Each structure stands twice: as structure tokens, then as C-alpha cells.
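Now for the letters of each chain:
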Amino acid sequence: MMRSDGRRRLRYWRSLAEYHGLPPTEEERVAEAAHGAAGPPEFPGDGVSRRRFLGLLGASAALAAGASCSRAERGTIVPYTKRPPEVVPGVANHYASTFQEGTSAFGVLVKVREGRPIHIEGNDEHPEFAGKTHLRAIADLLRLYDPDRLRRPLLYGKPATWAEADGRIVPLLRAAAASRGPVLLVTGAVVSPTRMAVLEDLRRVLPGLRHVAVEPLAGPGSRDAAVACFGEALTPRLRFDRADVILALESDFLGSDGQAPIAIREFVSRRRVEGRGDSMSRLWVLEAGMSVTGTNADHRLPVRPSASAAVAFALARALHEEHGIALPAGLSKEVLSAFGLDAIAGRVNAPRALLDALAADLAKAGRAALVVAGPSLPAEAHVASSLLNVMLGAEGHTVDAAAACRPAAGPATAEDLAAALREAKAGGVAAAIFWGVNPAYWLPDAALFKSAIARAPARIFIGLDRDETAEDCPIVLPEHHWLESWGDYETSEDLLSLEQPAIGPLYDTRQGEEILLGWAKALGAVVPAGYREYLKARWRREVYSAASPVPFESFWSAALHDGVLRRPAAPASPRAIRIAAVETAASAAAVEHAAPGMGLTLLLHPAVTVYDGRYANNGWLQELPDPVTTVTWGNPARLSPADARRLGLEDGDVVRLEARGRSLEVPLLVQPGQAEGTVSLALGYGRSTGSVATGVGVDAWPLMGTGSDAAGSPFLAAARLTSAGTRAETATAQMHRSMEGRDIVRSLTLARYAKAGFEQEKREPATLFPAQEFPEHKWGMAIDLTACVGCGGCVVACQSENNVAVVGPEQVRRGRAMHWMRIDRYFDGSPDNPRVVHQPMLCQQCDSAPCETVCPVNATTHSPDGLNQMAYNRCVGTRYCANNCPYKVRRFNFLEYTAAKTEPESLVFNPEVTVRPRGVMEKCTFCVQRIDDVRQRAKGEGRAVRDGEIVPACAAACPATAIVFGDLKDPTSEVSRLAASDRGYRVLEELGVKPSVTYLARLTNPAKGGDGHEG
Amino acid sequence: MHPYDRFVRIVLPVGATCLLLTVTAVGWIAQPDRLARGYAPEQPIPYSHALHAGTLKIPCLYCHAGADRSRHAGIPAVETCMNCHRVTKTDSPAIRKLTDVYDSGRPLEWARVHTLPDYVYFDHRPHVNAGIACQTCHGEVQTMTVVSRRMSMRMGNCLGCHRDPRAALPSGSKILRGPEHCNACHR
Amino acid sequence: MKADAAALPERLRPRAVFQGVMTPGSLDDQVLGHTAGTPSPLWYAGLAISLSAFAVGASLILYTFYTGIGVWGNNRPVFWAFDIINFVFWVGIGHAGTLISAILLLLRAPWRNAIARFAEAMTIFAVMCAGIFPLIHVGRPWVAFWLFPYPNQRAIWPNFRSPLLWDVFAVSTYFSVSLLFWYLGLMPDIASLRERATGKVRKALYTVFSVGWRGASSHWRHYEKAYLLLAGLATGLVLSVHSVVSFDFAVSIVPGWHMTIFPPYFVAGAIFAGFAMVVIVLVVVRETMRLENLITDYHLDAMNKVILGMSCLMGYAYIMEGFTAWYSQNAYLHHIFVQYVWGSYGWAGWLTIACNVAIPQLLWVPRFRRSYPAMLLVALGVTVGMWFERFVIIVVSLHHDYLPSSWHLYKPTPVDLGILVGSFGLFFTLVLLFARVLPVIATSEVKATLPGAQPSHRGGGHE
């Protein structure tokens, strides 16, 4: 990424004209219109259409290059007619923007080449993300170029113009407005104040508007508990960086949770150990299904979700009785009398000693403790955890309600929508509008959805692609991708982030807000023409203080440049908990929801990759191995080894899973560490639309329930498993689970490290070969296994940066996945509750690389700066190098995976990296294109490359900053420092291949009392 | 001598030799190195480097401004031409066409003369910054009325110069060799 | 000379390498006669079968070229499988020929004369089959020529450190020398065929290929010298070529490949497999072409003794592998060796041992060395066993290497099997054609052992 500030300012700018707030010249507008590539100017003068033209231009140039093989025809070169001043062909620009998902908004930096967004990284100006972002944000770039995207409005399945669409819609809305008839508008949670303003404007002219801002994954448990305990339904900001001891109850805050990147960064900031004196936070996890968080636990207890509330209350009692921590005023200890630690220990068959240690640990931590309950838990569990936080004083310290996210609307639960639909069914609706949501897919009661809107005169869908809901709507309106859109997001009172287009609309689409504004206008509201103007106007009114010395335009420019606006935050203050809530919760928790006659408890959870299913059509995410199971392209049901033995089932058996009177067939995966008596199943699969998503995995949504049913949470249900008699091979990236006693991942406890340090005998054998000379640089990498949580962000970033192919389930099954960066996962210890380690594995760029000696055609050789270089165009494809690679990080194009791709898919390719054809070997290059770019720029500026200036895609994406890249020749560089650390070791160094990647041994921090997770 | 015997002793060897010679000759004549050179397609606008770069001595980087900032030297935007041609020679048919393109905003499609395979990542920056004259690879452009290709631009050309760049470098340059490892051009 | 022989005690006399009365004329009639007249329906049947097998293989190879080798079972980490197995297998088969004709010639083993020609022919064909695989196994066959060192404008040479490159040289040298050797031996016979040939085309061809051989004593002198020289040259190659092939594995760092025992082990294995294949074909030829009097039980007995000896060598090699694995205390190597016999592919390991070590022990019994069923059982067993030995070495070693995270099972696809069958098709097609148009027995050499002949290479000159 560019660092020199002059460039910096320029690069986020979409045009200098805009930078100075100048209106575009008349001929510019004419020119754009005349390009034919521009379509109707959406936001006149913002230069978007020009950039879109460039996007296509870049592609056509690429095609021309491809075609230019004969002497006769070398294709053409198409220069700009008018070159936007900030664009230099061949030099990337970066634009700050924001990616929203549910109630989270991620500040991102979009890398744009000749008008094409080609890569997404975290916005380093953003205080929360500090240059990191969520892997789903990185991957959602692919959706911009998804061939399945809607390209124009559809009326009854037939392509139509916007005029026709509006012509059909507006009268209906007029009628509705006149009759004040109910209009149902369903959107996702709204965290954008300006979007909310648009909705308000619409409501003003459409009084019957009933807005449901629903997030299917929003659990009623946490909301109800929050309301009951503190009288307000808000999700406080959890400060993992302030926590010494963290207790996670069925919470995957490091994995599937929307705030994962922030959580990871803050959590790891307290896990990073520089020297022997340093301390670490300690993570206790009580969960049923093994989650990313569970794999990072210092102590993990497999516990039925139905029991976790009781455990929490028992801990509260123990804290009070054994550690003399006061109960909240007015709460009598009798309320907790039902929860003896002994009884609980028996119920969840956990060693009493361990629970004691946990209680002691929490007591010792006091306000620096943090108890987190997962969204899937029933209300009482959330109340219990709140109680613990209040008792410990964590409330107001690690639990920061002041910085809580207060969405402008929502998030309503699926149940709330169901209620609204029932209402609509009864009372009838004039129009049903679905904007960016897919209830037809995730609403448990699909029949209700259909019947409820069946009689609505207008059924309108606004979205990116023709999903299940669009299928049910005669009027389908295509929306901009977020990379084509304007917007602002308020995730907390002190933080406003801006969204700006990085490319002009590829198709004849409109921004959702614009569509609504159009209707509002048609219904007589007085609103600005475009959403950009609307946004600016609102900011001028609401955000910009007239008192400020800077003129608005430069204020606005600065905000756009940074993509984020900080505002003074209220200090965190403790909230008092309502006793009544605790009492009811306690009585509820006293009796565990039994599973009558069913035997198993089903636990539904979002997938780390496809989330609630909205990303199911994204090949990158489908092929990203699940961090825990390494399963790609599907969602097997996960069962504990004990239960599997009991039911006589094994990996790959197809089972019939019955719950809530519904049943489905799903392949089974025996999951070490799964709590006995539970079965986990990921949501978000089994879509019936989308060329990628269709038929991948099984749809678990029908098994979702309501908050009010027996299990107490829609995510939980009593379930029965029976064998379906057939087998199905899941596409698993990693077949073997054990490390076979090889010290590939070295780990030890903090205690032992503090006492004795880390003694490792050097295994490097003597060699006859002379040591290599590296005149200028020697690139190397250091990976801290203590910091790495195994989220998989690096894998996606690498895939996006290096044009890595998506090969599909069949090829993955045959062991042909193409990821240059993979995350190995090993289980260790008893299968009932194993220790888990993650290890990012990429080309180790060995100095004495075994692959180099055996290539017959010199296609892979060593570079003077210590890189193991791979010349694809020289490769013949003998695959000898891959056989001889002890790390098996080389990937072979067994078939034509990528090279045959055409527009729009090919537009996502990074023009700085060769697209590999079939029959060619490929592997990690340490992002040599980034190295070269920085080196050339440094050369041009007549200076040396600064340490940390070159950042490979994986390192840039890693929310934990576990990956550090740099020059090993420079003794002062960060990577040299880490490589010299006493925890540093090289995998398989006994082979004498001299890898350039140093791994830092994994440290765990188990409590004295409990069994440590020692490796 | 037995007829077959003659065949074996004379016809066979002679025939074989002739065949071999033909193959070699064809191969030599048809080698891309020779074919690539001298390619001079007709351009949409009869732009003369001989006039602009030669007579008028406009520096190369005035138009090909990317050469020292980007991997690609770049073809100037029509805008750049108009900087002068708003006022100069506005009546000539070519310039009228140019003006027309500019006003309409239509893209102007030049015929590509110099190409490299897309797995070659040639970077203009280091070469220009090292003081290597554009003519070294592109030929005496300032004398060309119609640009034609003077170098095949195949790997041999690159390596030849990288191994002994003295001829190309300005006198007094400290550079002794160019990089020869794969990553220098291929990724 | 015969007189001296008579003077010797019975057991010391040179064994008669043919049975019954035989004159040069009768020999020619018997051997060269086969090339004239219409072949038996049996021959046509055989040709039909092997040709169609070959057709299947060829079309599957084209299919592979068209789609990429993804249609094979190869995966990560098993990047090499049937392709290289077949290559090593066929190169191995190609060993008997040169060994018999060259080494046994130098060892003055007279029984070789009758079978040498055939063995040599098989060498050529086997190496041709082997030659297919290195070409088709690469990801981009159309640039496979980059493996050859030729001056080019890219100014890149092949990597001379790579065993694969050594293969290119070793195999091509071996092939060309064997071919020369074989063709040289053929010349006199082709000449006599030329004399006997009736059809115009045949006459023309035989004439051309007998390159003006007139049987002058000067011809014979040159012939003998050249033959002897080539024999010496070929001898070295017999040992070198499979040693080099074994380097493909021995030089790598894959556990189970990286072994010093590989070169001798591979050479022995090659001779083993080669002899087995010779026996199989020989038995068929002997029966169908009525050559009992030329290819006697004594020949078969001698062949089987060699097979038995080699079998014991293989047994030793296997044990040594195990010993190395245990004695080296190298965890990775140890793990792999356990996989050989107890892993997912353990059956292949046991099959290998059974076929290559156990069954051949039958041949200790003299009766079995001369009974068709026994020797065919052994020979077929060895052929299968040696194929699976390569399977074990290549696939099993690869599927469990250093990082357990990348361990993966290997499953061949129909295409793999089809191409294997195709290679057999090609081999037998060539064998059948050869048996049809060329003398399957080196008459000139056998004549040298006929009573009254003055075998020139035993001191030369006339009495």
C-alpha cells in the first residue's frame, strides 16, 4: 500500500475535481453519456461512469492482448479520451469504503486498477479495524462480478426498463398511500442513519408502511435478556483487550460472530507474548460444538447449551459464597440456592476442580473478567452471564454499554417477521417489499411466507441476484453492489463510516435508497435527486457542525478520504441489573429443558464462511475450509465420538435428522470435542438458487424454531438421529487429524515458558552445499502460532490477491484444492475433548529448496533475494517439484481451472499476477508482485525499502497480525527480531531445506487447577 | 550394383540430407525473431513521430508519461493531443477527426505495435530511470513517420542486454548487469 | 573342435542347445519359413485383441491431452501414480533383452543364441512402451521438448541436476543402442530372407533393410567386431539405465524413496521382470511356432534359474529396506515402511512380496522349471508383482509424507487403467508383427552352434 502522504490523499480521491468539490464540466458529462458505456449518469459528475468505462476498457485491452498472437493482428490500444487525473494506467488507487453485514460495518480499503476493484483490505484509518477486516468482506468482492447478478429490472420474469418498472409500481403505491393500506417493507438491520432517513421520508408519504428490519441470525435470547436486565435491547461493545479472564458460553466471538475481526485483534493483543516475563489473558470456553473460539481456549468444557445457564448461575453462587463477591443489591442468595457447583459438575460431567479453578480465576480477575454468552443461548443464560459481569464489576469495564451498537432499526428476529407476516395474512397488504433480504430461504415456515404475500397486489424485490425471495416476487429490481454504492454507517455513537463507490454500476442497476427515494418523489415527497446528494445534504445538516472552522466541502472530502469519522464517545459506565430478571431467569434455569425421548439436542449455528446463506453463491467462501472441520462445500452434522459409537455411525454416513417435527438427510461428521448428547449443524447451505450455491449442503433453516418454544431458543431443539443407510463423501480439505507425534506445531504453557523458557535443540543437519549469498535482501516471514486463531482470513485474501482458482467440491474431494495459503488443523489428546492447533502453511521459500533441484527445465529456481521463484510459462508440469516438497504447498492445475474464465468473472483478476493455465505448477510467491511494486517505488524515490512497507496479502488480512513479513538481512527488522525469538522454530528443519518462514511456538495459559492444554 | 543397393547407398543418404537442409532453412526463415520485426500497421490517425519527436523535439515522456511512474509507458489520452491541437493545424483532416473524437468522447483505437506475452511483467520505470534511451528497444522512433517494430522483444533480447547493458546505458552509469532471475520479469 | 568335445567327459561337454538333427537349410526353412505364407487365424485373433487394446489406450491418451491429466487419479500429495509406475515397469521389462544378448554373449553362454533375438526385440518394444509415459505424464506435453538441451533464444538450458533429465539421456541412449544392437544382429537373417522372399514388396523391403549384406567374409569380420563392441557398450547400459531411473526416487527427499539401495535393487528387479516377460512370450511362441527343437526345455530351465536367483535378490532388497527403516530410526521412513504392509495399501505390499518372493521359490524344484503351468504361474505372478512393487514404492510413499495435514488416499480412474491396458496392447501388437515379418530366432547365430560350423567369434577364421 502506498505510504507517501501526497499520494495517499490522491489515491482515495475518485477525482481531483471532486477533491476540490468542483462540479464536472459540461463536456465531461456529455462525453460520459456518449461513451455508451456509462448508461444514465447515476450521480452526475462524480466520475463513476467514467471509471466504469475504464473497467471495461481494461478488460478489452486484456482480451486484445490475449488475441494478439499472429504478426498480422496485435490488437489495439485504447487510451483514455480524457484521463482522470488520479488514474495512471498500471498504478493502483485505493478508496476507503464500508462493508456492512447485519449490525456490523467494516471499514475497508478497496484496491482499484484502471477502474476495476481487484482486492479489499481493512481501512488502516479505521480505529476499530486498524487495517484489518472480515474475511467475508474480502470475499464479497467476488459478488460484484458474479455472473448471477441481476442486470436489469424484471417484470414477471421478463427483462424490463426502469421506466416500465416504476410505471407499474408507483400507481400501486399511490393507491396504498391513498387508502393508507398496510405496506410491508422487509430489510436487514439498518445501521445507516441516512438510509433510515430515506425510510422515514418514504413513511411520511406512505403512512401504511410497516418496516421490519430483520436479521435471521439475531437471537431473541440476548435481546430479551438485555431488555429484562437493563431495560434496553442493545448489544454492548465487548472489550477483549481489557479482559484478563474470558469465559465464553457457547459464544464463537473469534469465528462466526459478526464482530470477529475486532474481537480477534483485541483478544490477541492480550495473548501476544514478547518475552518470558509477559502475561497472557486466559480463555475458558463452555460450548457444545467445537468452534474457532473453542479451539483457542486454554480450558474447554464440552457442555450442553441447555446447561450453560445453570453453570453460570452456579459460578455466580460460588463467587458469592466462596470468594465473597457481593450479589447485586436486593438479590437474595436463595435465588441461587438451586445451583450447587457439585450438582452442576455432575450434570455436565465436568471435573469439580476445574469449575472451582474457573470460579477462582473469575474472582481474581474481578472487573478484568468478561463473560460472553452466545446468541444461540436462551435468555436465562444471557441473564446469568450479565449477572456474572455485574457481580465481577466487568459491567462498565470490559462490557462497554456506552459504545454499544444502537441500530437505527432492528435487528428483528425471524420470529418477529413471521408475526408481521401472519398479521399481513390476516389483514392483507397493499404491497410487500423485500430489500436485500431472503426470507423465502431462511424463514423456517416457508409456507407462511408464500401464503402471507400471495394476495399482495405488489410484491417487490430489491436485491443483487435472483434468489428464492425474488422467485416469489413478480417485480424484481436490481440493486447496486456495495462497491457501486454510497452510504454511511453508525456502528456506535462515536463512529461513523462512509461508503463510496469504487466502480461505476456494471449493469442497469440502481442503489436501493435511490429506488425508494424515487417512489417517495413520485408520491410527492420533496427529496434530492440522487442518494449521493441526499447523503451529503444530510451530513451537512446532521453531522457537520456549522461552528467548525473547515468548510463543509473539505470536511466531507476528508471524511470520504478516511472513510470514517470519529466523534467524542461517552465513557463506559456500569449498568445496574434488575433483580426480577435474575429471579425469573434463575427459576427458568433450575430445570433444564429435557429432550423428551429424542436423546439429542440440536444446535444450529451460522457458518464461518457463508454466514446465514447470503454468501452461499461465493466460490471463495464455499471453498474456504471451515477452520474447525476443514470441510468445504457443505455442512455435515457434527456428532461426538461417543454418541457416534453409541448410534453405530461413522464419518460420511448419511443420517436422518429429526427436530421440531421436520426432518432432513445430512452427511455425518464425527467431531472430536463435541459435547455428548448434542449435534451441531451449520445454517446457510442448501440454497435452491444461484449457479454456485444450488444444491451445496443441506438447508437447516426449516429446523429453526421460535424463541418461545420448549428449547427456549430458536437455535436449539430436541433432535433424533437415525442412519439413512447411504453414504456421502464430504469435500474435506484435510483428511488426517493427528500430528502423528511429529513436532510440526510446537506448543507449551505460559507457566513453563516463564520458568524455563523454550529449549529447542537445533535440528539443522550439516550440509556440503555452500550457504547462499543474498546481496540485497533476504525476504522472510514469521508466524506467531500463539496469535493465530485459525480464522482463515489469510486464505481468502491470498485467493483474491493471487488469482487462486476455485475448483469445486469434486476436485477438493480428490485433494486438488488450489489454496496457496492453507491452515492446517491438528487434534491432539482424547477425542472427547481434544486440544486443537492451527498452523498457517504456505511455501516456506527454502534456501535449499528440494523442489528447485529436481525441476528438469529450471522452471523453479532461487532468486537473489531469497525467493523460491516459479516461472509458470516455463513449467512443463512434471510435478516432480511437488513430490519433493516436504510441506506439500505446491499446487498443480490438473485441469483448466481459471484460464478459461470470461467476463464478468475475469474482471476480478489481479493484473499483476499471471492467470495459470492447466498443466502448470503454482505456489505462494510471498506476493512477489507487491515486493516488486514497493521496490520499484522505493528505487524511484531513491531510498531503501522500509521495514514493514511490503505487506503480503495474507499478512495484511490477518486480524491477529500473526504474520510478519520482512527482510531477514536487516537485523533491525521486525521479522529478524521474531526469527531470533527463543520460541522461534522452523518446521521440518531437520531436513536441511532451510525454510525462510519461522514459526513461534504456541503458548497456552491454563489455570493451575485444571489440566493444561500442553502440546 | 543392385538397384536397391544403390538406393541404400546413394538415394537414402542424399535424400535425408536434403530433407534436413530444407527443414533447417524453413525454420531459419520462419523464426519469429525475424517475423516480429518491421511490423508497421496503419494507425487511425496518421500521427508522425518523425514530425513530433524528431522535428519538433517533443520529449517522449510528454506523451508517454507513464514510463517513469508506472510499468506501462502508456498511450497519451486524446486530451494530451488537444493541448496543442485545439489551436494548431485545426484544419487538417486528421486533426479534425481527432477533434471530433475528443468532442464525442469516443475511444480512439490505436493499432498495437509492441506486444509482450501476458506472463511478461516488463516494468518501464527502472529502465527509464537507469537512463536507457527509449530508442534502445523501440528503434529510432523520431525518424519514423509510421511507427514500426524494430526489435522482436523476445527473451533473448532482454537477457542479452541484461547481461551486458553497457551499450544501452549512458556513459558513467554504475549499473553492470540487469537482473537475470525469473521474478525479474515473470510472476 | 567337435573332437575335443568328444574327448571331454560327458558332463563337461558343451550342451547341445537344440534337439534332433538340424542343418542350416532345415533351420532356415523352419525359422524363416514363418515369414512367408498366410499367418494362422490364432495370430489374427491375437493381433485383433492387442490392436483394440492399443486403440483404447491411444484414444484415452488423446482424451487426456484434450482435457488435462485431471482425468487421472493423481492428486495432492500423490502427484505421480500410474504414469510413472507404468514407465518404470516397462523400462524394467526392457532389461532382459540386452542382458541376454549382450552379457550372456560376453559370458559365452551358448544357450542364449536361440532366445537372444526375441529378447532383444522385446527390449525395443518395452522401451517404446515406456517412452510413451514420460511424454504423456507432463502437464503440458506440447512443450515437453524443453527437456532436451538445445540452443534457444531464451538462453535457458535444462536443469542438469534433475534426475528426470538424466532419465531423458539414459533411456534414449539405451533405446538407440539396443535398437542398433538388434538391427545389427538382424542383418544376416534379413539378407537370407531377402534371398527367400518371393513377393515384390517384401523383396524390396528386405533388400533395403539388409543394407547390401552379401555374407562376404569381410562382412562377417566387421559384423563380429561391431557386434562385440555394441555388446560391451550395451552391458554398461543395462546397469546404468535402471540405476538412473532409480535416481528419480533415490535422489529425492521423499521418505521411502530416499534410499541408497535403490540402484542395484531396481536393476535386479528389472532383470527379474524382464526375464519373466520373456518366459511368458517365449512359451507362447515356442508352442505356436513349433520351435521346441530350438527353444528347448534346457533354455527354459536356464531362464527360470535366473528368475529364481533374481527373486531371492528381491527378497533380500525388501528385507534391507525394512532394516534401513528400523535401523535408521527415521520416524518418517519408519512410518512409510509400516504403511507398505499395514497401511491402507497394505494389500499391495503383501501382493508384491507374495508374487516376487514367495511364489518364485517353486522354481527350486527342477520339475517346475520345465513345466509350463508352473513357470507361467511364476512369470505372470512376477509381472503383476513387479508392477505392484512400483505401485507401493511410488503411491504408498507419496500418500503419507512429512506433514500429516496433506495426507490423502489415491484412487485410479478408468482412464488410468485404460492407458495401462493400451500400453500392453501396443507391446503385444509389436511382438506379433515382429514374429510375423522377422526371424524370431537368430539363425545365423544358431548356425554357428550347428555341428560343422566354425563359429567365428570363437577365435574366428577357418580350420
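This text goes with the structure placed above it.
All values reported here derive from a predicted model rather than from experimental measurement.

## Digging into the overall build of chain B
Consideration 1: Scanning chain B from N- to C-terminus turns up 9 helices and 1 strand.
Consideration 2: In chain B, the order of α-helices and β-strands from amino to carboxyl end is α-α-α-α-α-α-β-α-α-α.
Consideration 3: Relative to a compact globule of 187 residues, whose C-alpha radius of gyration would be 16 Å, chain B shows 24 Å and is clearly more extended.
Consideration 4: When the backbone C-alpha atoms are referred to their principal axes, chain B occupies close to 90 × 45 × 30 Å.

## Observations concerning the sheet that holds strand β15 (residues 431-435) of chain A
Residue and element names in this part refer to chain A.
Consideration 1: If you trace the 7 strands from one edge of the open sheet to the other, you get β6-β5-β17-β16-β15-β7-β8, paired in mixed fashion. Among the strands making up the open sheet, the edge pair consists of β6 (158-159) and β8 (209-213).
Consideration 2: Note that strand β5 (residues 154-155) and strand β17 (residues 475-478) share 2 bridges and pair antiparallel. Residue L154 lies in a different strand from β17, and its bridge partner there is V476.
Consideration 3: Of the strands in this sheet, β7 (183-187), β8 and β15 are in contact with helix α8 (residues 193-205), which crosses β8 at around 155 degrees.
Consideration 4: Packed on one face of the sheet, helix α16 (residues 414-427) meets β7 and β8 and runs near 155 degrees to β8.

## A word on the packing of helix α6 (residues 112-137) of chain C against helix α16 (residues 414-437) of chain C
Residues and elements named next belong to chain C.
Consideration 1: Relative to each other, α6 and α16 sit at 150 degrees, their axes nearing to 10 Å. If you check the angle between α6 and α16, you find them roughly antiparallel. The interaxial crossing formed by α6 with α16 has right-handed handedness. Of the residues in α16, those touching α6 at R117, F118, A121, M122, F125, A126, M128, C129, I132, F133 and I136 are I419, S423, L426, F427, L430, V431 and F434.
Consideration 2: Considered class by class, the residues forming the contact of α6 with α16 number 16 nonpolar, 1 polar and 1 charged.

## Quick notes on the packing of aromatic side chains
Consideration 1: One pass over the structure, following the stated rule, counts 63 aromatic pairs over all chains.
Consideration 2: With a centroid separation of 5.7 Å and 70 degrees between ring planes, the pair formed by W347(C) and F388(C) is classed as edge-to-face. In this pair, W347(C) sits in helix α13 (residues 346-358) while F388(C) sits in helix α15 (residues 372-399), placing the two residues 41 residues apart along the sequence.
Consideration 3: Among the aromatic residues, those joined into a cluster by ring pairs are Y880(A), W80(C), F249(C), W257(C), F262(C), Y265(C), F266(C) and Y318(C).
Consideration 4: One residue, R575(A), lies across the ring of F230(A), its end atom 3.8 Å from the ring centre.

## Brief notes about empty space enclosed by the protein
Residue and element names in this part refer to chain A.
Consideration 1: Counted according to the given criterion, the structure contains 19 cavities of 30 Å³ or more.
Consideration 2: Space inside the largest cavity adds up to approximately 280 Å³.
Consideration 3: Contributing to the lining of the largest cavity are 27 residues, with P625, A733, Q734, R822 and I823 lying nearest its centre.
Consideration 4: Ranked by residue count, the leading element in the lining of the largest cavity is strand β31 (residues 822-828), at 3 residues.
Consideration 5: In terms of residue class, the lining of the largest cavity is made up of 11 nonpolar, 10 polar and 6 charged.
Consideration 6: Roughly 170 Å³ of volume is contained in the second largest cavity.
Consideration 7: D626, T629, G634, N635 and A682 are, among the 20 residues lining the second largest cavity, the residues nearest its centre.

## Quick word on the interface of chain A and chain C
Consideration 1: Tallying the contact residues gives 56 residues for chain A and 55 residues for chain C.
Consideration 2: Our enumeration of links across chain A and chain C arrives at 2 salt bridges.
Consideration 3: Put simply, D401(C) and K888(A) hold a salt bridge, and the shortest N to O gap is 2.9 Å.
Consideration 4: There are 37 residue pairs in polar contact (both at pLDDT 80 or more) connecting chain A and chain C.
Consideration 5: Among the secondary structure elements, those contributing two or more residues to the side of chain A that touches chain C are α28 (808-813), β31, α29 (850-854), α30 (880-883) and β35 (891-892) of chain A.
Consideration 6: No other element matches α29(A), which puts 4 residues into the side of chain A that touches chain C.
Consideration 7: Here the side of chain A that touches chain C is built from residues that sort into 29 nonpolar, 12 polar and 15 charged.

## Comments concerning the pattern of salt bridges
Oppositely charged side chains can form a pair if their charged atoms are brought close together.
Consideration 1: One pass over the structure, following the stated rule, counts 81 salt bridges over all chains.
Consideration 2: Among the ionic pairs, K333(A) bridges to E321(A), the shortest N-O distance being 3.8 Å. A residue pair is termed long-range when its members are at least 10 positions apart, and K333(A) in the loop between α12 (305-323) and α13 (341-347) and E321(A) in helix α12 qualify at 12 residues.
Consideration 3: Exposure remark for K333(A): the relative accessible area of 41% places this residue in the partly exposed category.
Consideration 4: With a shortest N-O distance of 2.7 Å, R106(B) and D100(B) are connected by a salt bridge.
Consideration 5: When salt bridges with common partners are traced through the structure, they connect R113(A), E114(A), E912(A), D932(A), R71(B) and R187(B) into a single cluster.

## Comments concerning the pairing of strand β2 (residues 93-101) of chain A
All names here are of chain A.
Consideration 1: Of all 9 residues that make up β2, 9 are buried, and the element is covered over most of its length.
Consideration 2: Burial along β2 is two-sided: N93, Y95, S97, F99 and E101 and H94, A96, T98 and Q100, pointing in opposite directions, are all buried.
Consideration 3: Examined bridge by bridge, β2 and strand β3 (residues 104-113) share 9 bridges and lie antiparallel to one another. Bridging from a neighbouring strand, H94 pairs with K111 of β3.
Consideration 4: In textbook terms, the turn of a hairpin is the stretch between consecutive antiparallel strands, and for β2 and β3 this stretch comprises 2 residues, one of which, G102, has a positive phi near 60 degrees.

## Re a nonpolar patch on the surface
Residue and element names in this part refer to chain B.
Consideration 1: Taken together, F7, I10, V11, L12 and V14 make up a surface patch of nonpolar side chains, about 400 Å² in accessible area.
Consideration 2: Relative to the assigned elements, I10 resides in helix α1 (residues 3-29).
Consideration 3: Residue classification places I10 among the partly exposed positions, given a relative accessible area of 44%.

## Quick notes on unusual backbone geometry
Leaving glycine out, the prevailing phi sign among residues is negative, and the prevailing peptide bond configuration is trans.
Consideration 1: In this chain, E903(A) is followed by P904(A) through a cis amide linkage whose omega measures 0 degrees.
Consideration 2: Relative to the helices and strands, P904(A) resides in the loop between β35 and β36 (921-922).
Consideration 3: Omega for the peptide link from R76(C) to P77(C) comes to 10 degrees, which places this bond in the cis form.
Consideration 4: Within the element layout of this structure, P77(C) appears in the loop between α3 (41-67) and α4 (82-93).
Consideration 5: The phi dihedral of K57(B) is positive, around 55 degrees, even though this residue is not glycine.
Consideration 6: The residue K57(B) is located in the loop between α3 (49-55) and α4 (60-63) in this model.
Consideration 7: On the basis of relative accessible area, K57(B) is assigned to the exposed category, the value being 64%.

## Side note on helix α7 (residues 162-179) of chain A
Consideration 1: With 18 residues, α7(A) extends 25 Å from end C-alpha to end C-alpha; this agrees with the ideal 26 Å at 1.5 Å per step.
Consideration 2: The complete set of buried residues in α7(A) reads W162(A), A165(A), I169(A), V170(A), L173(A), A176(A) and A177(A).

## Notes on the interface of chain B and chain A
Consideration 1: Counting residues at the interface gives 39 residues for chain B and 41 residues for chain A.
Consideration 2: Of the roughly 3,700 Å² buried at the junction of chain B and chain A (both faces included), carbon and sulfur atoms supply 52%.
Consideration 3: Considering only the surface of chain B that becomes buried against chain A, R112(B), N183(B) and R187(B) emerge as the three largest contributors, covering 21% of it.
Consideration 4: For R187(B), the salt bridge identified is with E912(A), shortest N-O distance 2.7 Å.
Consideration 5: Where chain B touches chain A, the interface holds 17 residue pairs in polar contact (both at pLDDT 80 or more).

Procedures and definitions
- Starting from 1, residues in each chain are numbered consecutively following that chain's sequence as written.
- Labels are handed out in written order, letters beginning with A for the chains and numbers beginning with 1 for the ligands.
- Predicted model: local features are reported for residues with pLDDT of at least 70 only, side-chain atom pairs are reported and counted for 80 or more only, and whole-chain, interface and lining totals are derived from all residues.
- With hydrogens and water excluded, all non-hydrogen atoms of the structure serve as input to the side-chain values.
- Strands are runs of DSSP state E lasting at least 2 residues, helices are runs of H or I lasting at least 4, and numbering of each runs from the N terminus.
- Here the globule rule is a power law, 2.2 Å times the number of residues to the power 0.38, and the radius of gyration is based on C-alpha atoms.
- DSSP bridges decide pairing: two strands pair if at least two such bridges lie between them.
- The contact criterion used is simple: two residues touch if any of their non-hydrogen atoms lie within 4.5 Å.
- Angles shown run from 0 to 180 degrees and are taken between the N-to-C directions of axes, each axis being a line fitted to C-alpha atoms and, for helices, limited to the stretch in contact.
- In what follows, roughly perpendicular refers to angles from 65 to 115 degrees, roughly parallel to angles under 35, roughly antiparallel to angles over 145, and oblique to any angle outside these ranges.
- Crossings are sorted by hand: turned counterclockwise from the far helix by less than a right angle, the near helix makes the crossing left-handed, and turned clockwise it makes it right-handed.
- Gly is put with the polar residues, along with every residue not named as nonpolar or charged; the nonpolar set is Ala, Val, Leu, Ile, Met, Phe, Trp, Tyr, Cys and Pro, and the charged set is Asp, Glu, Lys and Arg.
- We call Phe, Tyr and Trp rings a pair once their centres come within 6.5 Å, taking the six-membered ring for Trp, and we label the pair stacked below 30 degrees between planes, edge-to-face above 60, and tilted otherwise.
- By definition, being over a ring means that NZ of Lys or CZ of Arg is both within 6 Å of the ring centre and within 35 degrees of the ring normal.
- Using only the protein atoms, space was sampled on a 1 Å grid; points where a 1.4 Å probe fits but cannot get out form cavities, open sets with protein on both sides within 12 Å along at least five of seven lines form pockets, and lining residues are those with an atom within 4 Å of a point.
- Grid points are joined across faces, edges and corners, and a volume is the space filled by probe spheres set on the points.
- We define a salt bridge as a side-chain nitrogen of Lys or Arg found within 4 Å of a carboxyl oxygen belonging to Asp or Glu.
- In protein, a polar contact requires one atom able to donate a hydrogen and another able to accept it; more generally it is a pair of N or O atoms within 3.5 Å, and residues adjacent in sequence count only if both atoms are side-chain atoms.
- For every residue, the accessible area (1.4 Å probe, protein chains only) is compared with the maximum for its type, and the residue is labelled buried under 20%, exposed over 50%, or partly exposed between those bounds.
- Candidate patch residues must exceed 30% relative accessible area and have no salt bridge, after which like charges are joined if within 9 Å and Val, Leu, Ile, Met, Phe, Trp or Tyr side chains if within 5 Å.
- Areas reported as accessible are Shrake-Rupley estimates using a 1.4 Å probe. Residue values count occlusion only from the protein chains shown.
- By definition here, a helix of n residues has an expected span of 1.5 Å times n minus one.
- As used here, buried area is the combined drop in accessible area, with a 1.4 Å probe, of two parts when they are placed together.

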